[in-house]
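Listed below are the residues making up each chain.
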Amino acid sequence: MDSFYDVVREAVRLLIGLDPALLEIVLRSLRVSGLALLVGVVVGLPVGVGVGLARFPGRRVVVALIHTGFALPPVVVGLFAYLLLSRSGPMGELELIFTQFGMVAAQAVIAAPYIAGISLAAVQAVPHDVRLQARALGVSRPAAVRAHLREARLGLAAAVVAGFGVVISELGAVLLVGGDVVGETRVMTTAIVAETREGDLAAALALAIVLLALALVVNVLLTRAQQGGGRAWGAEAEPTWR
């Protein structure tokens, strides 16, 4: 077995040399997670914004359901997705099991509640007076809503970034639905597990470094959004509907 330093040296060599096999896995991961994020945004963002702005009977129940989505274990989501997409399942005729489309669907189910919940919190963090003041100045209702959303824009951006962070690092669901097929559905998380089991620790470490780098970028973006959001939503912030 190679020493720790040998593994690190080989992993660095693979990264610097842009190893084709590793690059293929990274690009596939970004493609699958990017599509899942897009679906999650299309579903989760309108739900979060709509519930955050609206007042209706049963709203507390809807908010509770959105927050419950944060606690959904990815492996459970993967299990239900597998049961639905497997050949004996109700959606088996679509033949999405062990495909990238199936992985996208599973990750989107995981991302949507995160995006909805964080966007809901961002919209609620904006004082209701923003819309009232806009209406008092003669602004139309749609324009007042747009002013409210502009005040929450950094929080909404943070929701999207957080959603990406969730799906890019997810393992359980993609492993169950995608099956870790080499050249087809193998992504960074599943590849790290597979390469470690097979003894190729350098490849596993190289992928882990890429995944950590992406996680760092996500955290930096979230931090900047939160810090900027504090300024944007502060008491001294100027109205943005003018």
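Residues numbered from 1 in each chain as written. Predicted model: local features only at pLDDT ≥ 70, side-chain atom pairs only at ≥ 80, totals over all residues. Heavy atoms only, no water.

Caption draft 1: Structural detail: the overall build of the chain. Broken down by element type, the chain carries 11 helices and 0 strands. Each helix and strand of the chain, ordered N terminal to C terminal, gives the series α-α-α-α-α-α-α-α-α-α-α. In the chain, which comprises 242 residues, the share counted as buried stands at 42%. With the model as given, the accessible surface of the chain reaches about 13300 Å², and the carbon-plus-sulfur share is 66%. (Helix = DSSP H or I, 4+ residues; strand = E, 2+ residues; numbered from the N terminus. Buried < 20%, exposed > 50% of the residue type's maximum accessible area, 1.4 Å probe, protein only. Areas by Shrake-Rupley, 256 points an atom, 1.4 Å probe, with all protein chains shown as cover.)

Caption draft 2: Quick peek at the side chain of Glu170. With respect to the helices and strands, the residue Glu170 is situated in the loop between α8 (153-168) and α9 (172-178). Although Glu170 lies buried, it forms no salt bridge, and the closest oppositely charged side chain, Arg197, sits 14 Å away as judged by the N-O distance. In this view, Glu170 contacts Pro74, Gln107, Ile110 and Thr189; residues no more than four positions away in its chain are not counted. (Lys, Arg positive; Asp, Glu negative; His and termini not counted. Salt bridge = Lys/Arg side-chain N within 4 Å of Asp/Glu carboxyl O. Contact = heavy atoms within 4.5 Å.)

Caption draft 3: Structural view of the confidence of the model for the chain. Averaged over all residues, the pLDDT of the chain equals 87, while 88% of them reach at least 70. Note on residues 230-242: pLDDT is under 50 here. Beyond four places in sequence and across chains, it has 22 contacts. (pLDDT = per-residue confidence, 0-100.)

Caption draft 4: Expanded view of the nonpolar core. Ranked by internal contacts, the top residues of the largest apolar core, which has 28 residues, are Leu14, Leu22, Ile115, Met188, Leu207 and Leu222. Put simply, the parts of the chain that give this core at least two residues each are α1 (4-16), α2 (20-53), α5 (100-125), α8, α10 (188-198) and α11 (201-232). In terms of residue count, α11 provides more of this core than any other element does, 9 residues in total. Ignoring sequence-local partners within four residues, the contact set of Leu14 consists of Asp19, Leu22, Ala202, Ala203 and Ala206. Grouped together as the second largest cluster of nonpolar side chains are 9 residues, Leu85, Ala106, Val166 and Val177 included. (Core = buried A, V, L, I, M, F, W, Y, C linked by side-chain atoms within 4.5 Å.)

Caption draft 5: Representation of empty space enclosed by the protein in the model. On inspection of all chains with the given rule, the structure shows 1 cavity of 30 Å³ or more. By volume, the largest cavity amounts to about 50 Å³. With 3 residues, the single largest contributor to the lining of the largest cavity is α2. When its residues are assigned to classes, the lining of the largest cavity shows 7 nonpolar, 4 polar and 1 charged. (1 Å grid on protein atoms, 1.4 Å probe; cavity = no way out; pocket = protein on both sides within 12 Å on 5 of 7 lines; lining within 4 Å. Points joined across faces, edges and corners; volume = space filled by probe spheres on them. Nonpolar A, V, L, I, M, F, W, Y, C, P; charged D, E, K, R; others polar.)

Caption draft 6: Highlighting the packing of aromatic side chains. In this structure the tally under the stated criterion is 3 aromatic pairs. A ring pair is formed by Phe4 and Tyr5, whose centres lie 5.6 Å apart and whose planes are at 80°; its orientation type is edge-to-face. Exposure remark for Phe4: the relative accessible area of 59% places this residue in the exposed category. On the basis of an interplanar angle of 50° and a centroid distance of 6.3 Å, the ring pair of Tyr82 and Phe98 is categorised as tilted. Of this pair, Tyr82 sits in helix α4 (residues 74-85) while Phe98 sits in the loop between α4 and α5, placing them 16 residues apart in sequence. By relative accessible area, Phe98 is classed as partly exposed at 41%. (Phe/Tyr/Trp six-rings, centres within 6.5 Å; stacked < 30°, edge-to-face > 60°.)

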